[in-house]
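# Working through the structure, step by step
Given next are the chains, with one letter for each unit.
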Amino acid sequence: QVQLVESGGGLVQAGGSLRLSCAASGGTFSFSDRAMAWFRQAPGKEREFVAAISWTGRTTVYADSVKGRFTISRDNAQNTVFLQMNSLKPEDTAAYYCAGGVSGFSGKNSYDYDDWGRGTQVYVSS
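Criteria and thresholds
Residues numbered from 1 in each chain as written. Predicted model: local features only at pLDDT ≥ 70, side-chain atom pairs only at ≥ 80, totals over all residues. Heavy atoms only, no water. Helix = DSSP H or I, 4+ residues; strand = E, 2+ residues; numbered from the N terminus. Rg over C-alpha atoms; globule rule 2.2 N^0.38 Å. Buried < 20%, exposed > 50% of the residue type's maximum accessible area, 1.4 Å probe, protein only. Areas by Shrake-Rupley, 256 points an atom, 1.4 Å probe, with all protein chains shown as cover. Lys, Arg positive; Asp, Glu negative; His and termini not counted. Charge placed at Lys NZ, Arg CZ, Asp CG, Glu CD. Phe/Tyr/Trp six-rings, centres within 6.5 Å; stacked < 30°, edge-to-face > 60°. Lys NZ or Arg CZ within 6 Å of the ring centre and 35° of its normal.

### Section: the overall build of the protein chain
The number of helices and strands found in the protein chain is 0 helices and 11 strands. Counting from the amino terminus, helix and strand elements in the protein chain follow one another as β-β-β-β-β-β-β-β-β-β-β. A compact globule built from 126 residues should have a C-alpha radius of gyration of about 14 Å, and the protein chain, at 13 Å, falls within 12% of that. Each of the three principal axes of the protein chain carries a C-alpha extent, and together these read 45 × 25 × 25 Å. Residues counted as buried form 45% of the 126 residues belonging to the protein chain. Working note: accessible area of the protein chain is about 6,600 Å², and carbon and sulfur atoms make up 47% of it. In the protein chain, the 12 positive side-chain charges and the 11 negative ones have mean positions that sit 4 Å from each other.

### Some points on the packing of aromatic side chains
This structure, assessed with the given rule, holds 3 aromatic pairs. Taking 5.6 Å as the distance between ring centres and 75° as the angle between the ring planes, the aromatic pair formed by Phe39 and Phe49 counts as edge-to-face. Here the residue Phe39 occupies a position in strand S4 (residues 36-41), and Phe49 occupies one in strand S5 (residues 48-53), the gap between them amounting to 10 residues. Summarising the aromatic geometry, the rings of Phe39 and Tyr113 are spaced 5.6 Å apart at their centres and angled 75° between planes, so their arrangement reads as edge-to-face. With Phe39 in strand S4 and Tyr113 in strand S10 (residues 113-116), this residue pair connects regions lying 74 residues apart in the sequence. The ring centre of Tyr97 lies 4.4 Å from the NZ or CZ of Arg47, which sits over that ring. If you follow Arg74 out to its NZ or CZ, it ends over the ring of Phe31, 4.5 Å from the centre.

Next up, the structure:
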């Protein structure tokens, strides 16, 4: 079984920055074989796509709402994916979930991923 553990969430004021980390371990396939992504879910809202990165790390995809502010990256040697979040807004407040892809290719839908972390909470105050 694959375990994904997120960290780095917390409380930050609008305009500030946070960097989320997701450490992967276990599983049948290596970390570097799989696309990775971040999703988020705010109370009362559907889970939404945030960012994804291909297995090679050469392709990244972002939701329109975070383009220019968030950056996804990965360190395959450390089995870790990151989400650098800058210029945070109150609407970024949510639980952020790390997801491991069904394949090595990034996607924007939940069904493109079959392993999920427990989430880390981000709260952005106004």
